[in-house]
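# A look at the structure
In case you want the letters, here they are:
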Amino acid sequence: MNKISITAKDRVFILTGAGISAESGLPTFRSENGLWAGHRVEDVCVPEAWRRDPEGVWKFYSELRVADKNAQPNPAHLALAALEQQLGDRFFLCTQNVDNLHERAGSKRLVHMHGDLCKARCERECGCPPVVDHAIYHDLKEVPHCLCGGRMRPHIVFFNEIPLEMDRIEDEIRHSTLMVVIGTSGSVYPAAGFVHLARQVGARSVYIGPEAPLNAEAFTHVVLGKAGEVLPDLFEVQ
Ligand SMILES: [Zn+2]
């Protein structure tokens, strides 16, 4: 595999998906049997589920918090943190994952477009910012309330909700010269469309993962392989 050279003029936009977390042993959002960590997505990740069964939703995300805590960043997470060290503010990482493996690897210029497992926010969207929350909830009585009286919910983008920080993400893509997409199926929008925006602004685009994504034809390079094996030797910073 040829190395990807990064010059002093390049700005790098990285998008990561479930594949990079799967290499650390975390369950993927869309498995072959349609389950996420043994649960049906429609039971835990839609606004109706929160209205119908907030305790069940919190129990599920509490399980994911335990799994996240027990998992470790893999060489792909570490390679991205090392690349950020070299590039500084010419590096930007957008993840579709809700786990905190990128943070624990050392990534800083990072947004979680689908939410953050380690935060909670008011269910009433009253304007209070999300708060750090690592608690494991077994009972709804344990779940705190906001000052406004609303119950705190996971800071997770449920299906049919709008992804977070889209303006900042689009702005970063428009200023990028290289997009690297890692371990996503290319089927979940708007993330699957990022590569098209990158191409419009003339950026190179590289995909890395064990299988070609659905939107493979949009990339200038597709590298088939595990992210943890490919990424540590991929970049040549000039
Ligand atoms: Zn509130």
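Located above this text is the structure these notes cover.
Notes on the structure in this doc start here. Residue positions are given per chain, counted from 1 along the sequence in the order it is written. With the structure being a predicted model, the display of local features is reserved for residues of pLDDT at least 70 and the display and counting of side-chain atom pairs for 80 or more, all residues being used for whole-chain, interface and lining totals. Hydrogens and water molecules were not included; the side-chain quantities draw on all heavy atoms of the structure.

### Here we look at the coordination of the zinc ion
Ligating atoms shown are N, O and S within 2.8 Å of the metal, or 3.2 Å for Na, K and Ca, and water is not included, meaning a site may look less than complete. For the zinc ion, the protein coordination sphere consists of Cys122 (SG), Cys126 (SG), Cys146 (SG) and Cys148 (SG), at 2.3 to 2.4 Å. Here the metal geometry follows the donor angles, with tetrahedral for four donors whose angles all fall between 85 and 135 degrees, square planar for four and octahedral for six when opposite donors are more than 155 degrees apart and every other angle is between 65 and 115, and irregular for all the rest. For the zinc ion, the 4 donor atoms in the first shell make angles of 99 to 117° at the metal, a pattern classed as tetrahedral. In the primary sequence, the donor residues of the zinc ion line up as C-x3-C-x19-C-x1-C. Partly exposed describes any residue whose relative accessible area lies between the buried limit of under 20% and the exposed limit of over 50%, with all areas from a 1.4 Å probe on protein chains only and scaled to the type maximum. Using a relative accessible area of 10% as the deciding quantity, one classes Cys146 as buried. The class of Cys148 is partly exposed, set by a relative accessible area of 34%.

### Examining the side chain of Asp68
Along the chain, the position of Asp68 falls in helix H4 (residues 54-70). The buried category is assigned to Asp68, whose relative accessible area is 4%. Going along the chain from the N terminus, every DSSP run of H or I of four or more residues is numbered as a helix, and every run of E of two or more is numbered as a strand.

### Focus: the pattern of salt bridges
Throughout this description, the term salt bridge denotes a Lys or Arg side-chain nitrogen within 4 Å of a carboxyl oxygen of Asp or Glu. Counted according to the given criterion, the structure contains 13 salt bridges. Taking the shortest distance from any N to any O, the salt bridge between Glu172 and Arg11 comes out at 3.8 Å. Taken together, the positions of Glu172 in helix H7 (residues 166-174) and Arg11 in the loop between strand S1 (4-6) and strand S2 (12-16) put the pair 161 residues apart, joining distant regions of the chain. You can call Glu172 buried: its relative accessible area is 12%. With its nearest N and O atoms 3.2 Å apart, the salt bridge here joins Glu125 to Arg121. When its relative accessible area of 11% is taken as the criterion, Arg121 is described as buried.

### Digging into the side chain of His112
Note on placement: His112 falls in strand S6 (residues 110-112). Two N or O atoms form a polar contact when they lie within 3.5 Å of each other; inside protein one atom must be a possible hydrogen donor and the other a possible acceptor, and for residues adjacent in sequence the pair counts only when both atoms belong to side chains. A distance of 2.8 Å separates a polar side-chain atom of His112 from the backbone oxygen of Asn97. Should any heavy atoms of two residues lie within 4.5 Å, those residues are counted as being in contact. Those residues in contact with His112, other than ones at most four positions away along the chain, are Thr95, Asn97, Val98, Asp99, Asn100, Glu103 and Leu164.

### Thoughts on H4
The terminal C-alpha atoms of H4, which comprises 17 residues, lie 24 Å apart, in line with the 24 Å expected from a rise of 1.5 Å per residue. Among the residues making up H4, those that are buried are Pro54, Val57, Trp58, Phe60, Tyr61, Ser62, Leu64, Arg65 and Asp68. To estimate how far a helix should reach, multiply one less than its number of residues by 1.5 Å.

### A word on the sheet that holds strand S5 (residues 91-95)
Reading across the sheet, the 6 strands line up as S6-S5-S2-S10-S11-S12 and stay open at both edges, with parallel pairing between neighbours. On the outer flanks of this sheet lie S6 and strand S12 (221-224), each paired with one strand and no other. The mean angle between the axes of side-by-side strands here comes to 15°, regardless of whether they run parallel or antiparallel. Two strands qualify as a pair provided DSSP detects at least 2 bridges between them. Across 5 bridges, S2 lies against strand S10 (residues 178-182) in parallel orientation. What sits directly across from Phe13, in S10, is Met179. Lines fitted to C-alpha atoms define the axes, with helix axes restricted to the stretch in contact, and inter-axis angles between N-to-C directions lie between 0 and 180 degrees. Relative to the sheet, helix H5 (residues 75-87) contacts S2, S5 and S10, its axis offset from that of S5 by approximately 150°.

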